[in-house]
Each structure stands twice: as structure tokens, then as C-alpha cells.
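Listed here are the chains, written in short residue letters.
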There are 4 protein chains.
Amino acid sequence: MIKAGIIGATGYAGGELVRILLGHKDVEIQWYGSRSYIDQKYAQVYQNMFQLVEDKCLDDNIEALADQVDVIFTATPQGFLAGVLTEDILNKVKVIDLSADYRIKDVAVYEKWYGIPHKSPQFISEAVYGLCEENREAVKKARLVANPGCYPTCTFFSIAPLAKKGYIDMSTLIVDAKSGTSGAGRGAKVDNLYCEVNENVKAYGVAAHRHTPEIEEQLGYAAGEQVVLNFTPHLIPMNRGILITAYAAVKEGVTEEMIRSAYQEAYDKERFVRFLEPGLCPQTKWVEGSNYVDVNVVYDSRTNRVIMMGAMDNVVKGAAGQAVQNMNLMFGLPEETGLMLVPMFP
Amino acid sequence: MIKAGIIGATGYAGGELVRILLGHKDVEIQWYGSRSYIDQKYAQVYQNMFQLVEDKCLDDNIEALADQVDVIFTATPQGFLAGVLTEDILNKVKVIDLSADYRIKDVAVYEKWYGIPHKSPQFISEAVYGLCEENREAVKKARLVANPGCYPTCTFFSIAPLAKKGYIDMSTLIVDAKSGTSGAGRGAKVDNLYCEVNENVKAYGVAAHRHTPEIEEQLGYAAGEQVVLNFTPHLIPMNRGILITAYAAVKEGVTEEMIRSAYQEAYDKERFVRFLEPGLCPQTKWVEGSNYVDVNVVYDSRTNRVIMMGAMDNVVKGAAGQAVQNMNLMFGLPEETGLMLVPMFP
Amino acid sequence: MIKAGIIGATGYAGGELVRILLGHKDVEIQWYGSRSYIDQKYAQVYQNMFQLVEDKCLDDNIEALADQVDVIFTATPQGFLAGVLTEDILNKVKVIDLSADYRIKDVAVYEKWYGIPHKSPQFISEAVYGLCEENREAVKKARLVANPGCYPTCTFFSIAPLAKKGYIDMSTLIVDAKSGTSGAGRGAKVDNLYCEVNENVKAYGVAAHRHTPEIEEQLGYAAGEQVVLNFTPHLIPMNRGILITAYAAVKEGVTEEMIRSAYQEAYDKERFVRFLEPGLCPQTKWVEGSNYVDVNVVYDSRTNRVIMMGAMDNVVKGAAGQAVQNMNLMFGLPEETGLMLVPMFP
Amino acid sequence: MIKAGIIGATGYAGGELVRILLGHKDVEIQWYGSRSYIDQKYAQVYQNMFQLVEDKCLDDNIEALADQVDVIFTATPQGFLAGVLTEDILNKVKVIDLSADYRIKDVAVYEKWYGIPHKSPQFISEAVYGLCEENREAVKKARLVANPGCYPTCTFFSIAPLAKKGYIDMSTLIVDAKSGTSGAGRGAKVDNLYCEVNENVKAYGVAAHRHTPEIEEQLGYAAGEQVVLNFTPHLIPMNRGILITAYAAVKEGVTEEMIRSAYQEAYDKERFVRFLEPGLCPQTKWVEGSNYVDVNVVYDSRTNRVIMMGAMDNVVKGAAGQAVQNMNLMFGLPEETGLMLVPMFP
């Protein structure tokens, strides 16, 4: 039985970790960390857990926690883990960080986009970027996994097959993203009130969203060249789900058949990435509550561009589900353990 | 391995049966019956099942089906099963009917409220009303289970503890219900279009809803007297969930403590009915996707009435989940097999 | 031209006052009071007002304001107006208070339910309860109008015709209410976040909601007897709208025809209360954005009860619209001036 | 008093025409045409119109109608008006067509994208494309106005200022659009059911949507060159609203200041197009129920692209509101008559 501790257990990603781990036969949650709700029963914060979780919320003392568990999930604000992580902790437990602290290899880029100094850059090179399908072998051996951001995950799966093959002109890449509101977190802000989000749609963080450098870095690895792109997220009146619509010019000589083959080849053996049949558009509802990413591509001969699409549950594959997938790899379990969640419809 | 067939597999309740049974380790679905989609791949109708279900939709030939499976679920319109059920079928397979055909013991009442003749009244007395928590032993021995309606299920759990104890005046009982739109089914009707339901709330079937006699019959058993009540359902702009708010006058001598004890006693050992702590109101979101019913009660000393509340996922405990719970009982499996679904939030 | 000032102009009711008054040909808004946004442009707080309102937000200095305008609307928290109102102010301007400060005639009842001391009880008896259809003549002469609460308004119109005729047993009255989320205000609270309200329904303030004594007082006047009832509000995932479903036993000798006649008589000449045709249920969407209240009634011969229903836009007829209707009366304008807003659908 | 007739009065655009025209002091609706609801009271189809509209629905006999009114609005399926329009009708009344029949000058393009033969191409060249802000003078003299599509309207206002100035490379233009569900019409289709749209987002009509050639034609006029672009619409779980997010490479020498000036110049004197302050993103909620289009632009120096954004109510400025604006021009009324609708929030 793997003993797990969660720091930041009362955010939406933390709550989803609890939901998934409760259904994981090899894991036992030992620590529900939540600075805001210390000593309150977890099931009072998340009433869905009534009679399922009897524990109270604990603080975020990662050193104490490291002595008690085998794996720590940090679903915490940017900078938290970087501020407390030590070699000693990493020697005791595996750490899966759902924040951005160790995702970006270039610390200057991190500090510029996140606007805070990085307090433990010495761990960045060691940290494995936990996109399981991409970095499976490295994850298996990792002490520290940087769990990817929600937008970068969905964007990567939508575009990577063509990037890797060199079929698209990466300098023309545009990523237009739509996200449900859980992505904005559980903080009490006027902008996230029901009446402000409902019956509304807007772009935000235009040309400035923090996931941009993460997307660029990962797609850069896939393409084998530096990538600079436009990424525009939009807030959608729904709880869960991310939809990516990406556009790029197709290189000369590339045919529609080559394009579809690239995706087939990339995802044929992947359990959690589903390449849809021609003509179908990914819909967030079809993956809700599951660890799937659904992708598809349309070639437009009029403009010689591809429209690449991906749909994902931002809280599952975009956060907690992918974190558990990483944990499974790190502990030598079958990758899908506890993750065979059938999407819920409607 | 239990072999299961579903007739009506492409309605919302049928789809949820598939979702739940795919996660049930002892069941294999053999037949996806859907008159409207014969020969189409099931995963094209419900794209969430892509790569999870490879089968095509079949017709609704229940006799052919009876030869191939151990249990048949009928998630069909009123009158379908009553029109095709035979002794021969019941000798071959167990049948769990999600329609109302065998729920009401008095055939005249059925025919009056449903407006159609009952074509096989000979099976009514045999059919067990599949409210598992209430009729556990009978369900275990049943060939034919009438799976309860969504409103009756949630209403019963909200009120029964007080009805059984004789603590409330049943003649004062009023049930005000709120349901998500999946309860209206997947038929293409203007009234159920997004733009008609969204940003709207209304009562419907006022003093005339078909679940009324079913509720009255079951609460009548609980109270040991004939019950006539008001039941008013409302359509709520959400996919899933039923909330019951019921009102009744409290009999003399009954104290708040007695009231809470009645619920505790009734549900202490029930896994799927959760009696909330004092002061908390059931919320549909806290049970979404799960087989739980959350109930609570408030005693109002000003009016000497109780307000009894219950929340449930209409598609799970109100339909497919309860059907699987019945199946578990009928096949001697632990009742919760495949049903330990943690509610999804948000 | 009537000069108007609004204190609390950046709450949802305040914003709606601005929307309505901008379309009112006889009014000019002179003061956008908002303690939270002083010196910010109003159109930056409510971007819908861009190029329509050039003013900045001012403070809530009611004395300064009284010197500059003809009418003051206070859309402020409970206790604000009671704490600052003076005879001097009332001598200078008319005041329409959207808070509860002067709605309840018995100051002890106010202090008990609102949990704060009333700082200017000397104005309570003078204040006119601004249910225009009920107190038209008194409103015309008033200096101080207590604009009714949203729930009380919709409840009153749904029930009053039968209460006045003595057709129902007031001791059996139960009011089950459903409200959109704008009723919860624009404060940043976790409970009102999009992800907490969306796909959810719950009761709140069970047996304890502050609008209870206001409803009881007004229905008491209508019935000519003291009224004690159950009032249970529910939070609905929509922006606007209140739906009332009320239940009461019908007195002996009262027929369905008498019941319908009572409503017809009450509302035949009322422009803003629409008594629907038999068989139709009020829907909040059909009155959205307008000053209408739609009501209807069903007589249930099985239980000998009536189900009384009313639908209204809580922000318009339940707040800002009714306030403007009161203002029109107070200034001798045709009651419907600026209020002939056609409901918006979808 | 202008006498107006509407053919297709029971669709969402038709209903909105009624809403707007009821508030227009110079118009009287004489004919509520609706093939599906002939002889039913209009207020039974749209219950919001109860006591506001007493008329019954009539058929779609345009010749009879032409004898009775001054202006005909056709809010009908593609091909209807083209099939019935005659010189005789145009000699009697002005016609404003909300369908696409006369929007596209090249009949071959129309027939290719709409898949039907055009039955009266002789009127195409005469028809004025009713983008009022663009073709004001021509509209004033028109007998036949082709009211622009919803997506083309919002797209045009978002992009045109830069296209006209030649500041962007039109061959790089990508338009990613998001629309509320009213755009899908009131037809009873499974895809538009509440449970299918709610909590979901998807692209549709990828590389194939019929508004593509209309957008290309109009932007082509603005740019003075042929335009071929990508247009991808998405379905959003909300009733109303269109948001455009468009991307293009900026030509050398063009500065951010030049870009903002282009918009200022274009819209400074336009009442219904609002160019937002720097840093603000258009939101559909801020224009709901109104005739406004809100636009803004962000220059991204990293990619040397502009992100052009526009928000609009698809049923108002994208359909009925623009139609009334055209009518105002055609009848010599101030353009904004009956259209000074303040956006409704929340």
C-alpha cells in the first residue's frame, strides 16, 4: 500500500486527487494538507466525501509529512514547493508537484513569466516533466516530477505528432484554448462568481498567459527547434474541460494521409489519448471525469493549414489524473491503475 | 461473469448503465439494444465510449436476447416491457425494468396515470419493487425487478424514516421536487432545447405527474396507511440531480431528537444513504455521478413542521445505479460491487 | 428632469437601477455611490456601461447627496440607511430603500431576524411598503419607501388574491422558492463561485430566512389575520429569476372557478402582473429582464389544495424595477414610465 | 407609423425582432408569419409576449403580405426568399432578409457553400449588404437588404480597421469564433438539447462553415484584395453571444500606436461599435441584449501578430437589431431609434 500525502488538498485539483486516490486500490491517503482549513474535517470542506473521508485537514509541514508517506502531491500555489523542497525530503519520498515550479528548465524564463524568484533552482534539472506518454522511462526513475499544466498537456497532445514529423511550419502556430472555470481555482474572487462567468465568454491573459513558455518549451522538444507561438485562453461557462483549437501551415509535400498517419502512429498504443475518426470534433463532455484526451485534425486545402483539436478534462488528465498516472509509473504499477474512469455523460 | 443485455441502451439511463457496468468487474455487456440506432456503432452514439465499446447497436428482440444473457435491463418507454414479457423469458433470465411497467401494484392506477392498457398484468404481483434498502431480501429472490422511479426513490429516502415511526401527519405531506434535465430524456423536443431550459426554472406536471401514485404507494407501505399527497416537480438548468424538499406537520409529542434518531436508525448501516450532520442541506452536486442519496431534516418549531430534504443523482441512484445494485443482490454479489463511485466535484 | 442618486450603485440591484434609469426619459442619474470603488469609473466596474456612463463612483455621503438630487435610491446592506437617515434628509429628498431597514413594522421582529439593532426606528411607521399594486396611493404621498424584498414580492402576488378572499387556510401555507444567483449579491464568497453553484441545487436558510417575517406580515394584511408559514428558498444555477411554488388547503365551499376569478379580479387591471391561462406554468425565462410577475394557480381535487405559482425577475420587479415603479408614483409619472421592458427570450 | 410584417416570426431571430419592434415607437407589427404555428396565438409560442401581442400566427404568403405592410423581414431558412421574391413585391415593400440568400455576390459561391440552387439571382446585384456602419448610404436607398450573418458581422468589426489600412497580412488571417446556442436555431435536434450542450464545448463546421465565404467577401472589400482564411466556430453553453478571436501577422513598420489609431478612427463616431480601453477583453455578457459590438486588439511583440477580439449579441446586432438598424436607415429614421438597449448584466 502506497502511503500518500497531499498538500493543497482543498483546491479543486487537490479534491480531484482525493476522488481518484479513493478509488485506487494500492493507495492510502495519510495527509490532507490545507493551510486554510486546518483542523476542519475534510468532508466538511468537500461534502461529497462525507462518510468516505474521516480525516481532518492538516497543515503544510512537508518535512513532517515526508517522514510519514511514500509520495507527496503538492497542489499548491506557484513558489510554495520551490520554497520548501530539500534534498532531505527527496531522499525520503517521491514528490509530484502540480504547480509550475519545476516545469520550465530555464529558470530565467520561469522567473520572468511567474514574476517570482525561484528558491530552489538546483532541483530543476533533475525534475522530470511528467507528461507520461512522452517521458515514461524518465518518470519511472524520478524522485521529483513536475506535473504538466492543463493547457500545455492538451496542447501538446493536439500538436505533437505533426511537430515531431516536421509536417507543420512551427512559426505559424496559433493555439486558441477554451477552459472550464475550475481552472481558475477555488479562490473567492468577483471575476469567478457564478453571475460573472455564466452566460459569458471572454479571452484572458492575451499574449501573456503563464502556460505559454511551458507550451513552447515542450513543443520545441517535439519539433527540434525553438518555438514561439500565440496562445490565447478563454473562460467558458462550464465546470470542467479544456478544448484546444490550434492552427498551423502545412509544409510542402505533406498530404492529408501523412497527417492522419502521424496521429495514428503516435497514439495507437496509448490508452489515454484517443485519435478520433475523420470528421468528428473532440468535445469536452465526451471526456468529462476521465483521464482521456481526445484529439483530431482537419486539413483545409483552401488555406493549406491544419486545424488541430484536443479535448480533455482539465482537472483529471490536466491535473490530478496525470499526477496519479505519474505516481503509478514511479511506483512500478500498471500505468492505468485507478484511472480507468469512464467519461460521464451527460 | 454475468452476461448482461440492455434494451434502450442509447437513452440517458441506458448510457449510464453502460458507464457503470464497464467498471463492474463481474459483468460483461453482450447486447446494446437501441431501436433508433440499429447497426450503428454504440461509440458513435455515445462518443465517450470510443475505444471502450466496440459493439454495434442491436434491435430490441427480447426473446433472442434472453437466450444469450443472464440479465436484461430494459430502459425503455412505458408499456414496452409489459408488451413483450413472457413466462418463458422470465424462466431464462432475470429482468430489471427501469420503466414504470411493474412498479404499481394496482393495475387500474397504472392505467389511469399512464394512459395505456397494461398488457401483462399477470406479472405485476411477482415483480419486486427494487428499492434495495427497503426490499433487500425480496430482490435477492426476484426474477423480475421493477426499478423505482427517480423522484419516488429520492422522495422515499427523504421521508420514510418519519413515516415509518408515525411521527408525521401523512395527510399534510407536500413534496416539492427539482430535477436536472437528463430526467426528461434524450428525445428531440423544443421544450428540452438548451435555450429553452437554460436560465429558466418552471414547475411541470403540476398535480398530474405520473410518479405521484408510485410515491404514494411506497410511502403508504412505510406509514401503514393510505397516503395522498401533493407532488410538484420542477425543471432545473443542470444535467443531473434531484432535490426533494418535503413538508409535513409533526405529531404531538414528537421531539427534534426523536426525529433525528429516526433517520440515524434508518440509515446508520446503509452505505448509499447518508444522513447529514445537523444544519447541512443536501446539494445535488455533492452526490453527482455516485449512488448516494444525501438526506437531512429540519424541525421548525414556529410552524411545528419538518422540512425533509434529499439529494440524489437521478441517473445513478435514480436509475442505472440502483438497477446495478438490484442486479448485485439478485446474483448474490456484495451490494456495492461496481458502485463505489466517488461523487465528482466540481 | 428628476435628478437621482444611487448609493450602492455597484451591486447587482444598483447596476440594474442604472440600466433601467438610463432608459427612463424623465430621469438623470447624478450620483453613482459605491464605497468599494470610489474614484473608479463606473463603466470600468460595469463594462456594459462603457460609453453610456462617463461618471466615476462616489462615496456614500447621503447628506451631500441629498442636496443635489430629488430622489435617493439606497441599494445597500441592512442597517446602512437606518444608521444615516435623518429628518433633514427626508425633508430634502425622497428616499427609496432597497434594503430591509423599513419594511417590517415591528422593530423587535426586525432586530431578531436581522440580528442588528435598528438605529432609526422613528421612521418605520412613516415608511410606506412599496408594493405598488397594493399601496399605490400611499406610495404617491410617501417621503420614504421601503422597497419590498424579492421573495416577498413574488410570494405576495402568487398568494394574495386567495388570502384576501379568505379562500385558503393560511395556517397550512407553505412557500417553496427558487432563486437565481444574482439574489446572493456580488460579494466574493466561495459559495457563490461558478463551480459551486453550477450544476447544483440546494435549499438554504431553511426555516430561518430573513424574508420570512416580511412575507408573513404582508400576507397577514391580505388575509386579515396573523400568518405563520414555512418559507424555503433554493439556489438555482441561473443568473436571474425567482419562482414561487406555494401550497395551501382550500376552504370548504371554494370552487376552482372562484379561485380563478379571484386572480382575474385582482390582476385584470394590473399592467405588471399577468395571470396566465389555465394549464400554463409560470417560467422565469418568460419574464427575464422585465418588470412582470407571471402567476397561475392549479386546484388539486385529490388533496383539496391549491398550488400557487409565480415567476419574476428578482433584479427587476424584485428590486430595481419595482423601485423605479415606486419612484414614478412618488413623482406623479405614469407608473409604467421606463418600465415597458419586453422580456428577453432566449 | 411603419407597418411591418415578419415571415419566420417564431424562430429566435424572429422573436427578437418582435421584442425590439415592440419597443420601437415608429413601428407596428401587422403580420406574425410562422408556417409551423399557423392560427396559434403568437403569445402561446412565446409566452413572454403574453398581453403584449394579441395576434395569431399567419402563414408565409409574401404576396398577400406585401399589400399590407411597408417592410417585410424574412427570418427564414436559406432559399425561402430567393424562391418567392418578385419584382412586384419589391415595388410594393422594402424587404430585409435575415437569411443568406442575397449576401453573396457570386451566385456560384452561394450555390456551392449552401448546396442549393439560387432561384432569383437577378436580385443579387441590387441587394445591399446591410452592414449599416459600412454601407449606410446604399442601405438608405435600398429596396432589398441582405442582413449580414452573425459571425460575419462580429468578425468584420473586429478586423476591418486593420484590413482597410493594410496593416495586416491577410493571408495569415485566422478567425476562431465562439457562439451561444441560440445561433443554432429553435429546431428540435438532439445535438441542441440542454444535456448535450451544457457543460460542453466543441468546434463544428471546421473548414466548412457557410459563413466563411461571406466573411471572406466582406473582408476582401475592406482589404482591397482577395481573402482566404480559416474560420472555426465553436458552440458555447450559453444562450446568446458571439466572441471572435482573430489572429494575423502585422506588416513591417506598423506600430501598436498605428493599430490602436486605426480602430479609434474607424469607430469614434459609431454609436454601436465600442473600441475598448487598452488591456480590456470584450466579453459577450457586457453586450447581452444590446446592439453593441465591443472590440479590442492586442499586439504581441513576441510573435509580431495582433489578436483582434470582438463580442456581440448574435440575436441583436447579429440578426434582429441590425435588421432594425437597416430599417431605420431605409425609412429615414435616426439609425438608433428603438435600439438604445442597455446591455443587461448579469
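The structure under discussion appears in the preceding block.
Since the model is a prediction, treat every value here as computed from it, not as a measurement.

Caption draft 1: Representation of the overall build of chain A within the structure. When helices and strands are counted, chain A shows 12 helices and 13 strands. Taken over the C-alpha trace, chain A has a radius of gyration of 20 Å; the compact-globule value for 346 residues is 20 Å, and the two agree within 12%. If you line up chain A on its principal axes, its C-alpha atoms span 60 × 45 × 40 Å. Among the 346 residues that make up chain A, the fraction classed as buried is 65%. In chain A, once contacts between residues fewer than 6 apart in sequence are set aside, the share between residues at least 24 apart is 70%. Summed over all atoms, the accessible surface of chain A reaches about 10,900 Å², with 47% contributed by carbon and sulfur. Put simply, chain A has 33 plus and 43 minus side-chain charges, and the middle of one group is 1 Å from the middle of the other.

Caption draft 2: Inspection of the interface of chain D and chain B at higher detail. Contact with chain D, which involves 19 residues of that partner, is made by 19 residues of chain B. Both sides together, the interface formed by chain D and chain B hides about 1,700 Å², and carbon and sulfur atoms give 58% of it. For the interface between chain D and chain B, the tally reads 2 salt bridges. Here E196 of chain B and R186 of chain D are joined by a salt bridge, their closest N and O atoms 2.8 Å apart. In this structure, the connection of chain D to chain B is made through 12 residue pairs in polar contact (both at pLDDT 80 or more). When residues in the side of chain D that touches chain B are grouped by element, the largest group, 4 residues, is from helix 9 (residues 194–197) of chain D.

Caption draft 3: View of the sheet that holds strand 4 (residues 94–97) of chain C. All names here are of chain C. A sheet is described by the order of its strands in space; here 6 strands give the open sequence 2-1-3-4-6-5, paired in parallel fashion. What marks the edges here is a single partner per strand, and that holds for strand 2 (27–33) and strand 5 (128–129). Pairing between strand 1 (residues 2–7) and strand 3 (residues 71–74): 4 bridges, direction parallel. Its bridge partner being in strand 3, I7 is matched across the sheet by T74.

Caption draft 4: Geometry of the relation of the copies chain D and chain A. At an RMSD of 0.0 Å, chain D and chain A line up after a rotation of 180° and a shift of 0.0 Å along the axis. The superposition of one copy onto the other is thereby described by a two-fold rotation axis. Of the C-alpha atoms belonging to chain D, the one lying closest to the rotation axis is found on P237 of chain D, 3.2 Å away. When the interface residues of chain D are mapped onto chain A, 100% of them again fall at the interface, so both copies present the same face.

Caption draft 5: Structural detail: the packing of helix 8 (residues 150–165) of chain D against helix 10 (residues 211–223) of chain D. Residues and elements named next belong to chain D. One way to put it is that helix 8 packs onto helix 10 with a least axis distance of 9 Å and a crossing angle of 25°. When the axes of helix 8 and helix 10 are compared, the pair comes out roughly parallel. The interaxial crossing formed by helix 8 with helix 10 has right-handed handedness. Contacts between helix 8 and helix 10 involve C150, Y151, P152, T155, F156, I159, A160, A163 and K164 on the former and, on the latter, H211, E214, I215, Q218, L219, A222 and A223. Split by residue class, the contact of helix 8 with helix 10 holds 11 nonpolar, 3 polar and 2 charged.

Caption draft 6: Representation of the interface of chain D and chain A. Taken together, the contact pairs 48 residues of chain D with 48 residues of chain A. Buried surface at the junction of chain D and chain A, summed over both partners, amounts to about 4,000 Å²; 56% is from carbon and sulfur atoms. At the boundary of chain D and chain A, one finds 4 salt bridges. Note that D176 of chain D and K178 of chain A form a salt bridge whose closest N and O atoms lie 3.0 Å from each other. Where chain D meets chain A, there are 30 residue pairs in polar contact (both at pLDDT 80 or more). Breaking the side of chain D that touches chain A down by element, the ones donating at least two residues are strand 7 (174–179), helix 9, strand 8 (202–203), helix 10, strand 9 (230–235), strand 10 (242–249), strand 12 (293–300) and strand 13 (305–312) of chain D. By residue number, the principal contributor to the side of chain D that touches chain A is strand 7 of chain D, which donates 4 residues.

Caption draft 7: How the structure looks around empty space enclosed by the protein. Going through the model one piece at a time under the given rule, you end up with 12 cavities of 30 Å³ or more. Estimated volume of the largest cavity: approximately 70 Å³. Every residue along the wall of the largest cavity is listed here: L276, E277 and L280 of chain A together with K41, A43, Q44, Q47, F50, Q51, V53 and E54 of chain B. Size it by volume and the second largest cavity reaches roughly 60 Å³. Lining the second largest cavity are K41, A43, Q44, Q47, F50, Q51, V53 and E54 of chain C together with E277 and L280 of chain D. Here the residues of the lining of the second largest cavity are counted per class, giving 4 nonpolar, 3 polar and 3 charged.

Caption draft 8: Up close: the packing of aromatic side chains. Overall, the coordinates contain 54 aromatic pairs over all chains when judged by the stated rule. Where W286 of chain A meets Y46 of chain B, the ring centres are 6.4 Å apart and the plane angle is 70°; that geometry is what we call edge-to-face. A residue pair is termed interchain when its members come from two chains, as with W286 of chain A in the loop between strand 11 (273–275) and strand 12 (293–300) and Y46 of chain B in the loop between helix 2 (42–45) and helix 3 (62–66). Like W286 of chain A, the residue Y46 of chain B is buried in the burial classification. Between F345 of chain A and Y12 of chain B, the ring centres sit 6.3 Å apart and the planes meet at 55°, which makes this aromatic pair tilted. Here Y12 of chain B lies in helix 1 (residues 12–22) and F345 of chain A lies in the segment after helix 12 (316–330), a pairing that spans two chains. Just as F345 of chain A is buried, Y12 of chain B falls in that class too. Through pairs of rings, three or more aromatic residues link up here, namely Y12, Y32, Y42 and Y46 of chain A together with W286 and F345 of chain B. One Lys or Arg, K94 of chain A, reaches over the ring of F331 of chain A and ends 5.8 Å from the middle of that ring.

Caption draft 9: Looking closely at helix 8 of chain D. Residue and element names in this part refer to chain D. The terminal C-alpha atoms of helix 8, which comprises 16 residues, lie 24 Å apart, in line with the 22 Å expected from a rise of 1.5 Å per residue. Where helix 8 bends most, the angle comes to about 50°, and this point is I159, followed within four residues by the proline P161. Most of helix 8 sits inside the fold, with 14 of its 16 residues counted as buried. G166, located one to two residues past helix 8, shows a positive phi value of around 70°.

Caption draft 10: Structural view of the side chain of K202 of chain C. Assignment of secondary structure puts K202 of chain C in strand 8 (residues 202–203). This buried residue, K202 of chain C, is left without a salt bridge; D191 of chain C holds the nearest opposite charge, at 4.4 Å. Non-local contacts of K202 of chain C, meaning those with residues more than four positions away in its chain, are made with L243, P282 and Q283 of chain B together with D191, P233, H234 and L235 of chain C.

Caption draft 11: Up close: the nonpolar core. By size, the foremost hydrophobic cluster in this structure holds 99 residues, and its most contacted members are L21 and F73 of chain A together with L21 and F73 of chain C. Sequence-distant contacts of L21 of chain A, that is, excluding residues within four places in its chain, are made with A4, I6, V27, I29, F73, V324 and M327 of chain A. With 97 residues, the next largest nonpolar core counts A9 of chain B together with A4, V197 and Y292 of chain D among its residues.

Caption draft 12: Examining the pattern of salt bridges more closely. In this structure the tally under the stated criterion is 96 salt bridges over all chains. Here E265 of chain C ties to K165 of chain C by a salt bridge, and the two come within 3.0 Å at their closest N and O atoms. Pair noted here: E265 of chain C is in helix 11 (residues 256–267) and K165 of chain C is in helix 8 (residues 150–165), with a separation of 100 residues, a long-range link. According to the relative accessible area criterion, E265 of chain C is exposed, its value standing at 56%. Taken together, the shared-partner salt bridges connect E16, R19, R240 and D313 of chain A into one network.

Caption draft 13: Structural view of the relation of the copies chain D and chain B. When chain D is fitted onto chain B, the two copies agree to an RMSD of 0.0 Å after a turn of 180° and an axial shift of 0.0 Å. With an isologous cut-off of 70% or more, the 100% of interface residues of chain D that recur at the interface of chain B puts this contact in the isologous class.

Caption draft 14: Representation of the pairing of strand 4 (residues 94–97) of chain A in the model. Residue and element names in this part refer to chain A. Where strand 3 (residues 71–74) and strand 4 come together, 4 bridges link them in parallel fashion. For V71, the partnering residue across the bridge sits in strand 4 and is K94. Across 3 bridges, strand 4 lies against strand 6 (residues 144–146) in parallel orientation. Of the residues in strand 6, the one forming a bridge with I96 is V145.

Caption draft 15: The sheet that holds strand 8 (residues 202–203) of chain B, seen in detail. Residues and elements named next belong to chain B. A sheet is described by the order of its strands in space; here 7 strands give the open sequence 8-9-7-10-13-12-11, paired in mixed fashion. Edge positions in the sheet fall to strand 8 and strand 11 (273–275), since each of these pairs with one other strand and no more. Pairing of strand 8 with strand 9 (residues 230–235) involves 2 bridges; the strand directions are antiparallel. Its bridge partner being in strand 9, K202 is matched across the sheet by L235.

Caption draft 16: Just the environment of P343 of chain C, in detail. Its location among the elements puts P343 of chain C in the segment after helix 12 (316–330). Linking P343 of chain C and D313 of chain C, residues 30 residues apart in sequence, is a C-alpha distance of 9.4 Å. Once residues lying within four places of it in the same chain are set aside, the contact partners of P343 of chain C are R274, W286, V287, E288, S290 and Y292 of chain C together with R19, N48 and L52 of chain D.

Analysis parameters
- Residues numbered from 1 in each chain as written.
- Chains lettered and ligands numbered in written order.
- Predicted model: local features only at pLDDT ≥ 70, side-chain atom pairs only at ≥ 80, totals over all residues.
- Heavy atoms only, no water.
- Helix = DSSP H or I, 4+ residues; strand = E, 2+ residues; numbered from the N terminus.
- Rg over C-alpha atoms; globule rule 2.2 N^0.38 Å.
- Buried < 20%, exposed > 50% of the residue type's maximum accessible area, 1.4 Å probe, protein only.
- Contact = heavy atoms within 4.5 Å.
- Areas by Shrake-Rupley, 256 points an atom, 1.4 Å probe, with all protein chains shown as cover.
- Lys, Arg positive; Asp, Glu negative; His and termini not counted.
- Charge placed at Lys NZ, Arg CZ, Asp CG, Glu CD.
- Buried area = accessible area lost by both parts, 1.4 Å probe.
- Salt bridge = Lys/Arg side-chain N within 4 Å of Asp/Glu carboxyl O.
- Polar contact = N/O pair within 3.5 Å; in protein donor to acceptor, adjacent residues only side chain to side chain.
- Pairing = 2+ DSSP bridges.
- Least-squares fit on C-alpha atoms with pLDDT ≥ 70 in both.
- Axes fitted to C-alpha atoms, helices over the stretch in contact; angles between N-to-C directions.
- Parallel < 35°, antiparallel > 145°, perpendicular 65-115°, else oblique.
- Left-handed = near helix turned anticlockwise from the far one by under 90°.
- Nonpolar A, V, L, I, M, F, W, Y, C, P; charged D, E, K, R; others polar.
- 1 Å grid on protein atoms, 1.4 Å probe; cavity = no way out; pocket = protein on both sides within 12 Å on 5 of 7 lines; lining within 4 Å.
- Points joined across faces, edges and corners; volume = space filled by probe spheres on them.
- Phe/Tyr/Trp six-rings, centres within 6.5 Å; stacked < 30°, edge-to-face > 60°.
- Lys NZ or Arg CZ within 6 Å of the ring centre and 35° of its normal.
- Expected span 1.5 Å × (residues − 1).
- Bend = angle between axes of the 7 residues up to and from the residue.
- Core = buried A, V, L, I, M, F, W, Y, C linked by side-chain atoms within 4.5 Å.

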